[in-house]
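# Working through the structure, step by step
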Amino acid sequence: MEQTVTTARKPIHITLPVTGMTCASCVRSVERVVGRVEGVDAVSVNLATETADVTLADSGAAGNVVSAIEKAGYGVALQTVELGIEGMHCASCVGNVERALTSVPGVVSAHVNLASERATVEAAADYTTLAAAVEAAGYTPRPITDAEAETHADIRAKEQAALRRDFITALIFTLPLFVLEMGSHLIPPLGHALMQTVGAFPLHVFYFVLATIVQFGPGRRFIRHGAASFRRLSPDMNALVMLGSLAAWGYSTLATFVPQLFPEGAAQVYFESAAVIVTLILLGRYLEAKAKGRTSAAITHLMGLQPKTARVERDGETTDIPIAEVRQGDRVVVRPGERIAVDGEIVSGSSHVDESMISGEPLAVKKGEGDAVTGGTINKTGSFTFRATAIGADTVLARIVKMVETAQGAKLPVQAMVDKVTAWFVPAVLAAAALTFLIWLVFGPSPALSFALVNAVAVMIIACPCAMGLATPTSIMVGTGRAAETGVLFRNGEALQTLRDTRIVAFDKTGTLTEGKPQVTDILPADGFSADELLALAAAVEAGSEHPLAEAVVTAAREKRLAPQKAETFEAVPGYGVEAVVGGRRVSIGAERLMTLREIDAGPLAEAAHRLAEQARSLLFIAVDGRLAGLVGVADPVKPSAKAAIAALHEVGVRTAMITGDNALTGHAIAAEVGIDTVVADVLPDGKVAALEELRKSHGAIAFAGDGINDAPALAAADTGIAIGTGTDIAIETADVVLMSGDLSGVVNAIALSRAVMRNIAQNLFWAFAYNVVLIPIAAGVLYPVNGTLLSPMLAAAAMGLSSVFVLSNALRLKRFRKVA
């Protein structure tokens, strides 16, 4: 019987830069239209980063997603990337390359020309990613140096310049209109003089011309986007501005040219309101665009750390080539004062390298043959040559940038509440404006129609979902960017929220609380064995282990110039130790529980073991052929920053724990030295998760800090996983938060930053909601019966723009965050 086997297709994630979004309603609209596209599994739109993160079941749906966004009235700022393709011979080759390129997440279209040997790709992907796909297909890519792709930053700069141009244009035509109209009200002699010399009708025609230029010149962006939002039955902020300004302009135009249509006294003109609304909102948008640019300054700074060229040795010659042309295995020459181009390993020469961008440590690190170097760090004194081991998206710097970008584009759980509110906000505002109009028209004083129009327009203009949409993402962008500058990398935005609620931090011991560089301090042989013999046997077995304690034993044997025999049939006993055959004898080495497991009596050394454990020594028991051979004590110094960091955590109300595989005496000795509250000792690797669960039940939300390699299950099980001091290893892929330095103060700073960001978000949301709750009723005229107060549409426009600027300015205060430890 024939069986059909189906395999789950791996989802494809793409990030598209979206232009034209101005408020939370826009976010909702884009999410709605993209969500309807066949092949889309999930979509998340971020207003601050102006991006849409889309999960696709089929990469072919990317083009439909772009089309849907554009049909909805927004733009997709794709890059046009050109690649040279070598190795193509026929149309079949063209098809192969096109298929390889279109399979890359973020590629919308790819066209390959066999004659010119070029590929033109429309994509939200960089050259390196595309080139890797071409190479994987069996062809050779090369950069086209004379055609530079337009980046998202370039597009943002163009949009900012367009807003500035439109604002200045609107201001030029609005200023005389505002001065003449408002001046006539504020300075009666000026009003009388204008009426006598010019006359009401010619003056209103002049106002009409100025207002029309503003309305359909700089203001057409609101009409275009607002009309598109109505067509898709999802009105946004642009729709409110369009309706408000057009209502004031249209009413005034009719009152100017056909005043007989209006009841007596109602033929008023509000051209200045229409023009000022457009001008002030353009000013707000311009200031908002400038502030948005500053929120992503951290990414710009990080990306600027990589040099544009590299000095590479090829075919016996040393030449400077673009960074995109560096290949894995290339020999790269670095001179004093230069930034290192890509990640690699030194093959000749030595120097000191400033790695503060990775570790946060100000002192340069000595580097020599065999040492690893990281792209973006600065060579200080000497010169050296290194072999490129990671290029493009695989470098540490590129991964850091990607991590920060991912975190900045994240949506926190608190954002779900905001999304629910903004889903009905603009329709509710339109309903409130209509109700305001009707109430004033029916119950308002004469001229009721004028009062009804002015107050309805004020309600539409004062409402500002922009501030709601920006409240959370701008704080995340600035906060995660500032965190990256201080050596704290949030791999996802949710960690910002979960870390704030942390009640206890559990630490791994080796390499986290301690330096991770243990040294043999004590060798206690049992009867019938010498110290050197014991150390040689231990070193022979431990040579096959990667554990830090094993490395200490091997190093001690090397320093004593011992020549251990080669071990055979090496076997690791997870959580207990290791065993092997050395010179025909079965040697077991590990924790005391290994002796218990093998039914070996460790009693003769029990007293010595107890004494060493009280001195915070890690103990390695050694048995030969089933008989106790001795004991090795290993000391791993506590990090200088540990005690201060633990004290700082206690000051902010966070308890501390240590989870270790060492015995209880050793664990409590180290805990007492640094001030840790709770010790969970004798824990096997698979028992750390259970230990975390027990601590969570007792204390609440828990963070786990470990080295990110052996502690992956615990990092995943904790509410927040924090990898410490492993900026160039697997920690980048496993933890929620990565501290690029081994300094434990980073844990305190991460929690403090998390709390600062969430506090900032709360302030932004309070302002955004309170602003609307208070000012919409005032704009509707609820104070008029009390004290005659009405809110002018012009003041409403100014307040609306200022609300967004306030939220952005408040978020930018996070750039001033200072380390607390």
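About the criteria used
Residues numbered from 1 in each chain as written. Predicted model: local features only at pLDDT ≥ 70, side-chain atom pairs only at ≥ 80, totals over all residues. Heavy atoms only, no water. Helix = DSSP H or I, 4+ residues; strand = E, 2+ residues; numbered from the N terminus. Buried < 20%, exposed > 50% of the residue type's maximum accessible area, 1.4 Å probe, protein only. Contact = heavy atoms within 4.5 Å. Areas by Shrake-Rupley, 256 points an atom, 1.4 Å probe, with all protein chains shown as cover. Phe/Tyr/Trp six-rings, centres within 6.5 Å; stacked < 30°, edge-to-face > 60°. Salt bridge = Lys/Arg side-chain N within 4 Å of Asp/Glu carboxyl O. Expected span 1.5 Å × (residues − 1). UniProt positions renumbered as here; feature names shortened; annotations may be inferred. Axes fitted to C-alpha atoms, helices over the stretch in contact; angles between N-to-C directions. Parallel < 35°, antiparallel > 145°, perpendicular 65-115°, else oblique. Nonpolar A, V, L, I, M, F, W, Y, C, P; charged D, E, K, R; others polar. Polar contact = N/O pair within 3.5 Å; in protein donor to acceptor, adjacent residues only side chain to side chain. Pairing = 2+ DSSP bridges. Right-handed = clockwise from strand over helix to strand, strands pointing away.

## Comments concerning the overall build of the protein
Of regular secondary structure, the protein possesses 30 helices and 30 strands. A total of 821 residues make up the protein; the buried ones form 52% of that total. Taking the contacts inside the protein whose residues are at least 6 apart along the sequence as the reference set, 70% of them involve residues at least 24 apart. Approximately 35,500 Å² of the protein is accessible, and the part contributed by carbon and sulfur atoms is 56%.

## A closer look at the packing of aromatic side chains
Tallying each qualifying case throughout the model produces 12 aromatic pairs. With 6.0 Å between their ring centres and 65° between their planes, Phe208 and Phe271 make a pair best called edge-to-face. Highlighted residues: Phe208 in helix α7 (residues 200-216) and Phe271 in helix α10 (residues 271-295), separated in sequence by 63 residues. Like Phe208, the residue Phe271 is buried in the burial classification. Judged by centre distance (5.1 Å) and plane angle (80°), the rings of Phe216 and Trp249 are edge-to-face. With a gap of 33 residues between them, Phe216 in helix α7 and Trp249 in helix α9 (residues 237-257) connect regions that are remote in the sequence.

## Things to note about the pattern of salt bridges
Pairing is possible between side chains of opposite charge, provided their charged atoms come close. In this structure the tally under the stated criterion is 20 salt bridges. The residue Glu338 makes a salt bridge to Arg311 at a minimum N-O spacing of 3.0 Å. Placement of the pair is Glu338 in the loop between β11 (331-334) and β12 (343-349) and Arg311 in strand β9 (residues 309-314), with a sequence separation of 27 residues. A salt bridge links Arg586 to Glu579; the nearest nitrogen and oxygen atoms lie 3.4 Å apart. Of the residues examined, Glu579 reaches a relative accessible area of 3% and is grouped as buried. One connected set of salt bridges, linked through shared partners, spans Arg311, Asp320, Arg335 and Glu338.

## A word on helix α8 (residues 220-231)
Since one α-helical turn is 3.6 residues long, residues separated by three or four positions face the same way. Across its 12 residues, α8 extends 16 Å between first and last C-alpha, which sits within 8% of the 16 Å expected from 1.5 Å per residue. Buried within α8 we find Arg221, Phe222, Ile223, His225, Gly226, Ala228 and Ser229. Positive backbone phi, at 60°, marks Leu233, one or two positions downstream of α8.

## Some details on the UniProt feature "transmembrane region" (unreviewed entry) in the protein
The positions that UniProt labels "transmembrane region" (unreviewed entry) are, in the present scheme, residues 167-187, 193-216, 237-257, 269-287, 421-443, 449-472, 765-784 and 790-812. As annotated, residues 193-216 has a helix share of 92% and a strand share of 0%, and its two end C-alpha atoms lie 30 Å apart. Helix and strand shares over residues 790-812 are 87% and 0% respectively, and the end C-alpha atoms of the span are 33 Å apart.

## Quick word on the packing of helix α15 (residues 448-462) against helix α30 (residues 793-812)
Between α15 and α30, the least distance of the axes is 8 Å, while the angle of their chain directions is 5°. One finds that α15 runs roughly parallel with respect to α30. Note on element contacts: α30 touches α15 through Pro793, Ala796, Ala797, Ala799 and Met800, opposite Val454, Val457, Ala458, Ile461 and Ile462. Of the residues contributing to the contact of α15 with α30, the split by class is 10 nonpolar, no polar and no charged.

## Thoughts on the environment of Glu614
As for its placement among the helices and strands, Glu614 is situated in helix α22 (residues 606-614). By relative accessible area, Glu614 is classed as partly exposed at 48%. Each C-alpha atom, one on Glu614 and one on Ile670, is 9.1 Å from the other, the two residues being 56 residues apart in sequence. Not counting residues within four places of it along the chain, the set of residues in contact with Glu614 comprises Leu665 and Ala669.

## Some remarks on the environment of Ile659
Mapped onto the elements, Ile659 comes out in strand β26 (residues 655-659). For the pair Ile659 and Leu684, spaced 25 residues apart in sequence, the C-alpha separation works out to 9.8 Å.

## Structural notes on the side chain of Thr174
Relative to the assigned elements, Thr174 resides in helix α5 (residues 152-186). For Thr174, a relative accessible area of 5% puts it in the buried group. A distance of 2.8 Å separates a polar atom in the side chain of Thr174 from a polar atom in the side chain of Thr279. Sequence-distant contacts of Thr174, defined by excluding residues within four places in its chain, comprise Val214, Ala275, Val276 and Thr279.

## With respect to the pairing of β26
The buried count for β26 comes to four of five residues, which makes it a mostly enclosed element. Pairing of strand β19 (residues 504-508) with β26 involves five bridges; the strand directions are parallel. Following the sheet pairing, Asp508 is matched in β26 by Ile659. Where β26 meets strand β27 (residues 678-680), three bridges bridge the pair, whose relative direction is parallel. Its bridge partner being in β27, Ile659 is matched across the sheet by Val680. Tracing the backbone out of β26, into helix α24 (residues 664-674) and back to the parallel element β27 gives a crossover that is right-handed.

## Focus on the sheet that holds strand β14 (residues 365-367)
An order of β14-β13-β16 is seen for the three strands of this open sheet, with the pairing classed as antiparallel. Edge strands, defined here as strands with exactly one partner in the open sheet, are β14 and β16 (378-379). Pairing between strand β13 (residues 351-354) and β16: two bridges, direction antiparallel. Across the sheet, the residue bridging to Val353 is Asn379, located in β16.

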